[in-house]
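Per-entry structural report
Take a look at the letters that make up each chain.
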Amino acid sequence: MSKRHHPYGIALATTLLLVAQSCTSSTSPSTTQRTIEVEAVASTFESLEAMAQASEIIVEGEIIEVADGRFQPHPINEGEGDLGLSLTIEIASVLKGDVEPGETVTVPWAGGYYVEPDGTRIPLVINGQAHPEVGENSLWFLGPHPDGGATWGLVAFEGRLLVEDNGELALTTHRLDSGAALELNAMTVDEVRQALSN
Amino acid sequence: MSDVSLGRSTRPTRPASFLRLLYLAGLAVLFALPALIAIANPFGPTEGCCRYADSSTHTWLDAAGTGGGAAAWEFYFEAAMDYDLAPTDMSEAEVTYHNIGTNYVDVEWYTSSLEPPAIGVAQCILDVPADPTRCNHWHVRFNYPTSSTATQRHHTACHEIGHTVGLDHETSPTSSSCMKSTTSNVTFSSHDTTVHINPKY
Ligand SMILES: [Zn+2]
Ligand SMILES: [Zn+2]
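So, here's what we can say about the structure. Bear in mind that the values here come from a model prediction, so they are computed numbers and not experimental data. (Residues numbered from 1 in each chain as written. Chains lettered and ligands numbered in written order. Predicted model: local features only at pLDDT ≥ 70, side-chain atom pairs only at ≥ 80, totals over all residues. Heavy atoms only, no water.)

**Notes on the overall build of chain B**
- A tally of regular secondary structure across chain B gives 6 helices and 8 strands.
- Reading chain B from its N terminus to its C terminus gives the helix and strand order α-α-α-β-β-α-β-β-β-β-β-β-α-α.
- In chain B, which comprises 201 residues, the proportion classed as buried is 48%.
- If you take every contact in chain B between residues at least 6 apart in sequence, the share linking residues at least 24 apart comes to 68%. (Helix = DSSP H or I, 4+ residues; strand = E, 2+ residues; numbered from the N terminus. Buried < 20%, exposed > 50% of the residue type's maximum accessible area, 1.4 Å probe, protein only. Contact = heavy atoms within 4.5 Å.)

Okay, structure coming up:
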């Protein structure tokens, strides 16, 4: 759950932002302390096997860049809309598919920012997940993306798992009781690799 | 007299404390039961994900226009409003305004190019200033229909509308609710309606 901020906190943050904006000529967009929670519906999988079958590539890797993604305008209010993120992942190991360690893949992220008409960016927390960050090590179950090329789409929200230092996987999405989520949450990367090679 | 009254006042001690224990146990069960049920599908922003609606009349705006496969979603969004929400103690009404001053439509839906794996999303854009447990204006966006089946669209419309009135995910294995993410259920369960929606609105 993202934090809900005290009204005075919001007022203070807003004041500081306004002061910061008026004191600088920087054109970089401002972000707020406020976050917007997004509840998304997506396919779920009953097992690791089913999710692996639906994935064209399964890779473990490190996020090396988080950039602005696609902007989806609000149909009525000009300048307002949803801005996605574009993640670049450097592949460390391949569990499935025709890619090689050292290559990079691009994965657009469904939760980025809600952009207000004045350009203020409010971070989106999608299904309980804050923005992925540079340096994150994770396991990705990926399928084709409409953009093609090296751009891939997450097949399910339980298809992105953090890899902890001891190799254990941790779900990032909230309140998801799919078979694949429950199975993967108790495994290590090597156990997944082994399960897929059987 | 005082002996008798003493006797009377001391004697019933045991049955009284036994009854009190029973009473307390009963109370505990009464309080624990709703809590256990609530774990299955939390309601409102304190228990779960989503803010309550700002009133019992849920207004909605079709802002999708005609592009982006809007018609494929329009059918199911309207069906979910008519056949899932309208039979509850809430009412629904289609409107043609986004906002009139600070009076915003409760749910504005449109199609958008969502990034995978999202098929539909609901996000509270504006709280009710005087009561942040309620949402003044929700955006519900649906991905262009190429990535979903008709059943998924029906399920998704019901599910996202459920979030806009405060329902969280249902985890009971046998639930018929569209709030259960791992199914393609297309209606609210009687639990959603009688335990959550009707008492609140
Ligand atoms: Zn949901
Ligand atoms: Zn709006």
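What follows continues from the structure just given.
**Re the state of the cysteines**
Residue and element names in this part refer to chain B.
- Per the stated rule, a full pass over the model turns up 3 disulfides over all chains.
- The side chain of Cys49 participates in a disulfide bridge whose partner is Cys50; the two sulfur atoms lie 2.2 Å from each other. Judged by the torsion about the S-S bond (-95°), the Cys49/Cys50 disulfide is left-handed. Each member of the pair, Cys49 as well as Cys50, is classed as buried.
- Residue pairing for Cys158: its cysteine sulfur links by disulfide to Cys178, the two sulfurs lying 2.0 Å apart. Since a negative S-S torsion denotes a left-handed disulfide, the Cys158-Cys178 link at about -70° is left-handed. Taken together, the residues Cys158 in helix 5 (residues 150-164) and Cys178 in the loop between helix 5 and helix 6 (190-200) connect sequence positions 20 residues apart.
- You can call Cys178 buried: its relative accessible area is 0%.
- Each bonded cysteine of chain B is numbered by sequence order, and under that numbering the disulfide pairs are 1-2, 3-4, 5-6. (Disulfide = S-S within 2.5 Å.)

**Quick notes on the coordination of the zinc ion (ligand 1)**
All names here are of chain B.
- Protein-derived coordination of the zinc ion (ligand 1) comes from His159 (NE2), His163 (NE2) and His169 (NE2), at a distance range of 2.0 Å.
- Positions of the donor residues of the zinc ion (ligand 1) along the chain correspond to the pattern H-x3-H-x5-H.
- Judged by relative accessible area, which is 1%, His163 ranks as buried.
- Judged by relative accessible area, which is 5%, His169 ranks as buried. (Donors = N, O, S within 2.8 Å, 3.2 Å for Na, K, Ca; no water.)

**Looking at the layout of surface pockets**
- Within this model, the second largest pocket holds a volume of roughly 430 Å³.
- Lining the second largest pocket are 21 residues, and of these Pro144(A), Leu154(A), Pro116(B), Pro117(B) and Ser147(B) lie nearest its centre.
- Of all the secondary-structure elements, those providing two or more residues to the lining of the second largest pocket are strand 6 (137-144) and strand 7 (152-154) of chain A together with strand 7 (118-128) of chain B.
- Residue composition of the lining of the second largest pocket, grouped by class: 12 nonpolar, 8 polar and 1 charged. (1 Å grid on protein atoms, 1.4 Å probe; cavity = no way out; pocket = protein on both sides within 12 Å on 5 of 7 lines; lining within 4 Å. Points joined across faces, edges and corners; volume = space filled by probe spheres on them. Nonpolar A, V, L, I, M, F, W, Y, C, P; charged D, E, K, R; others polar.)

**Description of empty space enclosed by the protein**
- Per the counting criterion, the structure on display carries 2 cavities of 30 Å³ or more.
- Here the largest cavity defines a volume of roughly 140 Å³.
- Around the largest cavity, the lining is made up of 18 residues, and of these Asp82(A), Gly84(A), Ala110(A), Glu115(B) and Arg141(B) lie nearest the centre.
- Those elements that place two or more of their residues in the lining of the largest cavity are strand 2 (57-73), strand 3 (81-96), strand 4 (104-115) and strand 5 (121-126) of chain A together with strand 7 of chain B.
- Tallied by class, the residues present in the lining of the largest cavity amount to 9 nonpolar, 5 polar and 4 charged.
- Estimates place the volume of the second largest cavity at around 120 Å³.
- Of all the secondary structure elements, the ones that give two or more residues to the lining of the second largest cavity are strand 1 (36-42) of chain A together with helix 5 of chain B.
- Per-element tally for the lining of the second largest cavity: the top contributor is strand 1 of chain A, with 3 residues.
- When the residues that make up the lining of the second largest cavity are grouped by side-chain class, the tally is 5 nonpolar, 9 polar and 2 charged.

**Some details on the pairing of strand 8 (residues 160-163) of chain A**
All names here are of chain A.
- Taken together, the 3 bridges between strand 6 and strand 8 define a ladder with antiparallel strand orientation. From the neighbouring strand, Trp140 faces strand 8, where its bridge partner is Arg160.
- As judged from the 3 bridges shared by strand 8 and strand 9 (residues 169-171), these two strands associate in the antiparallel manner. Considered in strand 9, the bridge of Leu162 is made with Ala170.
- Between the end of strand 8 and the start of strand 9, which pair antiparallel, lie 5 residues, with Gly167 showing a positive phi angle near 90°. (Pairing = 2+ DSSP bridges.)

**Quick notes on the coordination of the zinc ion (ligand 2)**
- Distances from the zinc ion (ligand 2) to its protein donors, His74(A) (NE2), His98(B) (NE2), Glu108(B) (OE), His137(B) (NE2) and His139(B) (NE2), fall within 2.0 to 2.7 Å. One end of the pair, Glu108(B), is in strand 6 (residues 107-112); the other, His137(B), is in strand 8 (residues 131-143), and 29 residues separate them in sequence. Comparing Glu108(B) with His137(B) shows no difference in burial state: the two are buried.

**Brief notes about the environment of Leu126(B)**
Residues and elements named next belong to chain B.
- Here Leu126 is to be found in strand 7.
- Take Leu126: its relative accessible area is 28%, and that puts it in the partly exposed class.
- For the pair Leu126 and Gly69, spaced 57 residues apart in the sequence, the C-alpha separation amounts to 27 Å.

Shape is all these values report; function is a separate question.
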